[in-house]
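Structural characterization, general
So you can see what is in the structure, the chains are spelled out below.
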Amino acid sequence: MHCSDVAIRHGRRTVVSGIDLSLEDGMSAAITGRSGSGKSSLLSAILGMVPIASGTIEVDGKGVHSLRGAHRREYLRHTVSVVFQHGELLEELEPVENVAIAAILAGSPRRAAFQEAEELLEDLGVPARGVSTQVLSGGEHQRVAVARALITRPSLVLADEPTGSLDAEFREMVGDLVLSIPKRWGSSVLIVTHDDALARRADAAFSLVPDHNGVAHLEPAP
Ligand SMILES: Nc1ncnc2c1ncn2[C@@H]1O[C@H](COP(=O)(O)OP(=O)(O)OP(=O)(O)O)[C@@H](O)[C@H]1O
């Protein structure tokens, strides 16, 4: 993933500018920064959900913001996936259904999707069936979210505050899991977090720092 001289505007306000960020295959990187500095905006731009005012964002050699139609769907279903702060699971479905659904939407046959989902959940130590997603612990919940992000074997996993909703007892475990994604599953990982300890454990750590105009720039984390 390569961001080159990226600027993002919301309305007339420039939130981030001059962002150069490269994440090689199979590596992890983290971005910290105070609330409102533009971390989620940058992740959304990499996802292609937020337009960029200038610069380019390339994932797997393709310009994210020039993808249209089937190419854009392919990008969102196969190339990139997201782990959200609160997991964003469908509470009325079992864990295995929450995970398999991502593969089914990406075109996998139903049977293969469920088998793969069960294997991933077993690998991650979360019950796949017979339990409502609603009663999972915070740590289990986020592990299901990670499994759902991995089932399509994306090149890039974007993790937006993956440990932000967790108690201390689960924070380290889920942080370890997210950081282990490149070695265990081969996807690269970009984490946005307020957790400096988590950020320091990534292969590279950056901080979004606003200048005197309130426009944030990316700097190596202190
Ligand atoms: N869709 C939008 N329209 C207008 N302003 C927005 C929009 N999305 C975000 N902003 C503003 O852009 C700035 C950056 O927001 P963003 O959510 O990217 O920051 P953040 O660093 O992720 O913050 P936090 O750590 O609190 O999640 C904020 O001032 C926010 O209010």
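Preceding this paragraph is the structure being described.
What you are looking at is a predicted structure, and each value in this text was computed from that prediction instead of being measured.

1. What about a nonpolar patch on the surface?
On the surface, Leu90, Ile101 and Leu105 cluster together into a nonpolar patch covering about 250 Å² of accessible area. On the secondary structure map, Leu105 appears in helix α3 (residues 95–105). Residue Leu105 is classed as exposed on the basis of its relative accessible area of 55%.

2. Details of the site of the ligand
Around the ligand, a shell composed of His10, Arg13, Val15, Arg34, Ser35, Gly36, Ser37, Gly38, Lys39, Ser40, Ser41 and His194 is seen. Contact distances for the ligand include 2.7 Å between an oxygen atom and a side-chain N or O atom of Arg13. Between the ligand and the protein, one listed contact pairs an oxygen atom with a side-chain N or O atom of Lys39 at 2.7 Å. Its free accessible area being 640 Å², the ligand has 55% of it covered by the protein chains. Put simply, the parts of the chain that give the shell around the ligand at least two residues each are β2 (13–22) and α1 (39–47). When residues in the shell around the ligand are grouped by element, the largest group, 3 residues, is from α1.

3. Observations concerning the pattern of salt bridges
Under the counting rule described, the total for this entry stands at 3 salt bridges. When the shortest N-O distance is used, the salt bridge between Arg153 and Glu116 registers 2.7 Å. In this pair, Arg153 is assigned in the loop between α5 (138–150) and β7 (156–160) and Glu116 in helix α4 (residues 110–124), connecting sequence segments 37 residues apart. The class for Glu116 is partly exposed, based on a relative accessible area of 24%. The partner of Arg129 in a salt bridge is Glu118, and the shortest N-O contact between them spans 2.8 Å. Remark: Glu118 occurs in helix α4 and Arg129 occurs in the loop between α4 and α5; sequence separation between them is 11 residues. On the basis of relative accessibility, which here comes to 43%, the residue Arg129 falls in the partly exposed class.

4. A few points about unusual backbone geometry
Although it is not a glycine, Asp5 adopts a positive phi angle of roughly 50°. Residue position: Asp5 is located in strand β1 (residues 2–10). In this model, Arg153 sits at a positive phi of 50°, which is unusual for a non-glycine residue.

5. Considerations on empty space enclosed by the protein
Enumeration according to the criterion identifies 1 cavity of 30 Å³ or more in this entry. The wall of the largest cavity is formed by Met1, Leu23, Asp25, Val59, Asp60, Ser155, Leu156 and Ser188. In terms of residue class, the lining of the largest cavity is built from 4 nonpolar, 2 polar and 2 charged.

6. Some points on the side chain of Thr32
Its location among the elements puts Thr32 in strand β3 (residues 28–32). In this structure the side chain of Thr32 is engaged in a polar contact, spanning 3.4 Å, whose partner is the side chain of Ser207. When residues no more than four places from it in sequence are discounted, the contact partners of Thr32 are Lys39, Thr193, Asp196, Ala199, Phe206, Ser207 and Leu208.

7. Thoughts on α1
Buried residues dominate α1, accounting for 7 of its 9 residues. Residues of α1 that are buried include every one of Lys39, Ser41, Leu42, Leu43, Ala45, Ile46 and Leu47, and no others. Positive phi shows up at Gly48, right after α1, with a value of about 90°.

8. Concerning the nonpolar core
Ranked by size, the top nonpolar core spans 40 residues in total, and within it Leu121, Val146 and Ile191 carry the most contacts. For this core, the secondary-structure elements that each account for two or more residues are α3, α4, α5, β7, α6 (168–185), β8 (188–192) and α7 (196–200). Counting residues in each nonpolar core, the second largest holds 33 residues, with Val16, Ile46, Val80 and Val192 among its members.

9. Some thoughts on the pairing of β2
Of the pairings in the sheet, the one linking β1 to β2 comprises 6 bridges and is antiparallel in character. Paired with His2 across the strands is Ser22, a residue of β2. Counting the residues in the hairpin turn of β1 and β2 gives 2 residues, including Gly11, whose phi is positive at 65°.

10. What about the environment of Ser17?
One can find Ser17 in strand β2. Taking relative accessible area as the criterion, Ser17 reaches 24% and is therefore assigned partly exposed. Along the primary structure Ser17 and Gly38 are separated by 21 residues, whereas in three dimensions their C-alpha atoms are 9.9 Å apart. What Ser17 contacts, discounting residues up to four positions off in sequence, is Val6, Ala7, Val215, Ala216 and His217.

What counts and what doesn't
Residues numbered from 1 in each chain as written. Predicted model: local features only at pLDDT ≥ 70, side-chain atom pairs only at ≥ 80, totals over all residues. Heavy atoms only, no water. Patch = residues over 30% accessible without salt bridge, like charges linked within 9 Å, V, L, I, M, F, W, Y side chains within 5 Å. Areas by Shrake-Rupley, 256 points an atom, 1.4 Å probe, with all protein chains shown as cover. Salt bridge = Lys/Arg side-chain N within 4 Å of Asp/Glu carboxyl O. Helix = DSSP H or I, 4+ residues; strand = E, 2+ residues; numbered from the N terminus. Buried < 20%, exposed > 50% of the residue type's maximum accessible area, 1.4 Å probe, protein only. Near = heavy atom within 4 Å. Polar contact = N/O pair within 3.5 Å; in protein donor to acceptor, adjacent residues only side chain to side chain. 1 Å grid on protein atoms, 1.4 Å probe; cavity = no way out; pocket = protein on both sides within 12 Å on 5 of 7 lines; lining within 4 Å. Points joined across faces, edges and corners; volume = space filled by probe spheres on them. Nonpolar A, V, L, I, M, F, W, Y, C, P; charged D, E, K, R; others polar. Contact = heavy atoms within 4.5 Å. Core = buried A, V, L, I, M, F, W, Y, C linked by side-chain atoms within 4.5 Å. Pairing = 2+ DSSP bridges.

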